Amino acid sequence: MNLYLRYFDKEILVSSVEEAIEFLCTIDDIEMTPMLEADIREYASSDIFYPKRYKVHPHVYFIIIKTEANTLQDFKDKKAVHDNQEAAPVKTTPALLRLNEIKDGWYEGIVDFKRVLLIPGTGKFQYRDTQFVARLKAISGLECYERMIDYLRERVDDRSQFPSPKGKNFKFRYLGKCK
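Since the structure is predicted, the reported quantities are computational estimates derived from the model, not experimental observations.

Enquirer: Is there a simple way to think about the sheet that holds strand 7 (residues 170–176) in this case?
Expert: The strands that make up a sheet are held in pairs by hydrogen bonds between backbone atoms, and each pair lies either parallel or antiparallel. The strand order across the open sheet formed by 3 strands is 6-5-7, and the pairing between neighbours is antiparallel. Two strands lie at the open edges of the sheet, namely strand 6 (125–138) and strand 7, each paired on one side alone. If you compare each strand with its neighbour and ignore which way they point, the axes differ by 20 degrees on average. Against the sheet, helix 5 (residues 141–155) contacts strand 5 (105–118), strand 6 and strand 7, and its axis sits at roughly 130 degrees relative to strand 6.

Here it is as structure tokens:
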């Protein structure tokens, strides 16, 4: 396993932690402390494959990335991207599957949205997180969402921001059949 290091325009691909530490010592801005050295060694020996960044100054970092690339050009061409076989397959949330499911009846929908409100003292407007809950008749979760948003659009400022029906800011549940 090799290590790719970058600090602004200075970059290198090394095959050992010692070479990485040696490279970092050549950069004036980076102060190599025993704690930093130990953390880099721990990262290199761990099973973690995500990039690691280290703070140098406020808003200034250097990064280290584990790679199977043998040359810097291979790394840049992404020829040796680590493939995580142990990663679980991406699961679609049940709510997304149920969103388009046709099931005529009563629904309860909850929408968290950004509502534009006037501040009386200043005459200025601001966004406020607002939750709207409604029970209504619909044929699917998507229609429940659409009817709720249509209702809100008629009653709140046009600049209010509504979430996607597929996002985490809309939830619904089927309450039962219509009588």
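Back to the text.
Enquirer: Which parts of the structure should I look at to understand the packing of aromatic side chains?
Expert: To describe a pair of aromatic rings, you give the distance between the ring centres and the angle between the ring planes. The full count for this structure, using the stated rule, is 9 aromatic pairs. Aromatic pair tyrosine 145 and phenylalanine 170: ring centres 5.0 Å apart, planes at 70 degrees, arrangement edge-to-face. Highlighted residues: tyrosine 145 in helix 5 and phenylalanine 170 in strand 7, separated in sequence by 25 residues. Per residue, the accessibility class of tyrosine 145 equals that of phenylalanine 170, and both read buried. Between phenylalanine 170 and phenylalanine 172 the ring centres are 5.8 Å apart and the planes differ by 20 degrees, which places this aromatic pair in the stacked class. According to the relative accessible area criterion, phenylalanine 170 is buried, its value standing at 5%. Ring pairing ties together the aromatic residues Tyr107, Tyr145, Phe170, Phe172 and Tyr174, which thus form one cluster. Just above the ring of tyrosine 61 sits the side chain of arginine 53; from NZ or CZ to the centre is 4.0 Å. Lying over the aromatic face of phenylalanine 125, arginine 159 brings its terminal NZ or CZ to 4.3 Å of the ring centre.

Enquirer: Looking at this structure, I do not really get unusual backbone geometry. What am I missing?
Expert: Glycine aside, a negative phi is what most residues show, and trans is what most peptide bonds show. Even without glycine at this site, phenylalanine 8 takes up a positive phi of about 55 degrees. Within the secondary structure, phenylalanine 8 is located in the loop between strand 1 (2–7) and strand 2 (10–14). Taking relative accessible area as the criterion, phenylalanine 8 reaches 59% and is therefore assigned exposed. The phi angle at histidine 59 is positive, at roughly 65 degrees, despite the residue not being glycine. Among the secondary structure elements, histidine 59 is positioned in the loop between strand 3 (52–57) and strand 4 (60–67). Histidine 59 sits in the exposed class, given a relative accessible area of 76%.

What counts and how
Residues numbered from 1 in each chain as written. Predicted model: local features only at pLDDT ≥ 70, side-chain atom pairs only at ≥ 80, totals over all residues. Heavy atoms only, no water. Pairing = 2+ DSSP bridges. Helix = DSSP H or I, 4+ residues; strand = E, 2+ residues; numbered from the N terminus. Axes fitted to C-alpha atoms, helices over the stretch in contact; angles between N-to-C directions. Contact = heavy atoms within 4.5 Å. Phe/Tyr/Trp six-rings, centres within 6.5 Å; stacked < 30°, edge-to-face > 60°. Buried < 20%, exposed > 50% of the residue type's maximum accessible area, 1.4 Å probe, protein only. Lys NZ or Arg CZ within 6 Å of the ring centre and 35° of its normal.

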